Amino acid sequence: MTFLSKSSLIAALIALPMMAAAHEDVQNKAVKARMMLMTDIKAAMGTIGGMAKGAVAFNADQAAAAKAALVAAAPQIAIRFEAPETDPKSEARPEIWQNWPDFVQKADDFGAAAAGLQTASVDDLKAGLGAIGKTCGGCHKPYRVDK
Ligand code: HEC
């Protein structure tokens, strides 16, 4: 086991109960699962963003792992959101299921931006972060309730 996989395993173990706590009042398991997917996406973006800003030391292995997490998460969006599940805590707009092909397109846009990220240097992360962030907003704006 490499240092990276050990430390990310530890990070995952620490993060698990915290993430569960943040969603404990969500009744609908399907809604909770799609929120957890988004939480994972946010965590990977946080790793990349932290390194890009210099808040966290650059580590090429961790940057590549965060990119891989984003690329893997992208096709999960359509799977997790396809059923029009609701919950009082959900921020998903009903327009998702009225414009399903467009929603899937926006998930694909996110996947393509993530796949295009270069992770060899801080400058690579800085250069690619904005394009990915745009795809988060590109979907949240029409399909997620403003808080
Ligand atoms: C294809 C659409 C789509 C894309 C792309 C997308 N999101 Fe989301 N996201 C949503 C929707 C819809 C919700 C609301 C889900 C709900 O509350 O049921 C959401 C919710 C979230 C949440 C809140 C989760 C919670 O616990 O309630 C976070 C954090 C988040 N997204 C982060 C991101 C980030 C960061 C990106 C880009 C790297 C991103 N999302 C890309 C559609 C998307």
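This structure is a prediction, so every number in the text was calculated from the model and none was measured.

Let's talk about the site of the ligand
Right, on to step 1. In the neighbourhood of the ligand, 23 residues make up the surrounding shell, with H23, M38, C136, C139 and H140 lying closest.
Right, on to step 2. Between R34 and the ligand, the recorded distance is 2.9 Å, taken from a side-chain N or O atom to an oxygen atom.
Right, on to step 3. Here an oxygen atom of the ligand sits 2.6 Å away from a polar atom, N or O, in the side chain of S90.
Right, on to step 4. For the shell around the ligand, the secondary structure elements donating two or more residues are α2 (29–53), α5 (100–115) and α6 (122–143).
Right, on to step 5. Looking at side-chain class alone, the shell around the ligand contains 13 nonpolar, five polar and five charged residues.

A look at the packing of aromatic side chains
Right, on to step 1. Inspection of the entire model under this criterion finds three aromatic pairs.
Right, on to step 2. With centroids separated by 5.3 Å and ring planes inclined at 50°, the aromatic side chains of F81 and F103 adopt a geometry described as tilted. One end of the pair, F81, is in helix α3 (residues 60–81); the other, F103, is in helix α5, and 22 residues separate them in sequence.
Right, on to step 3. F81 sits in the buried class, given a relative accessible area of 8%.
Right, on to step 4. You can call F103 buried: its relative accessible area is 3%.
Right, on to step 5. Between W100 and F103, the ring centres sit 5.5 Å apart and the planes meet at 20°, which makes this aromatic pair stacked. Of this pair, W100 and F103 both sit in helix α5, three residues apart, which is roughly one turn of the helix.
Right, on to step 6. Look at W100 and you get buried, because its relative accessible area is 18%.
Right, on to step 7. Pairwise contacts between aromatic rings join F81, W100, F103 and Y143 into one cluster.

Structural notes on α3
Right, on to step 1. Its 22 residues give α3 an end-to-end C-alpha distance of 32 Å, which sits within 8% of 32 Å, the value for a rise of 1.5 Å per residue.
Right, on to step 2. A bend of about 35° at P75 is the largest found in α3.
Right, on to step 3. Taken residue by residue, α3 has A63, A66, K67, L70, A73, A74, I77 and F81 as its buried positions.
Right, on to step 4. As for α3, its buried residues are in contact with α2, α4 (95–98), α5 and α6.
Right, on to step 5. Residue N59 occupies the N-cap position of α3, its side-chain oxygen lying 2.9 Å from the main-chain nitrogen of D61.

Rules and cut-offs
Residues numbered from 1 in each chain as written. Predicted model: local features only at pLDDT ≥ 70, side-chain atom pairs only at ≥ 80, totals over all residues. Heavy atoms only, no water. Near = heavy atom within 4 Å. Polar contact = N/O pair within 3.5 Å; in protein donor to acceptor, adjacent residues only side chain to side chain. Helix = DSSP H or I, 4+ residues; strand = E, 2+ residues; numbered from the N terminus. Nonpolar A, V, L, I, M, F, W, Y, C, P; charged D, E, K, R; others polar. Phe/Tyr/Trp six-rings, centres within 6.5 Å; stacked < 30°, edge-to-face > 60°. Buried < 20%, exposed > 50% of the residue type's maximum accessible area, 1.4 Å probe, protein only. Expected span 1.5 Å × (residues − 1). Bend = angle between axes of the 7 residues up to and from the residue. Contact = heavy atoms within 4.5 Å.

So far we have only geometry, and geometry alone does not tell us how the molecule works.
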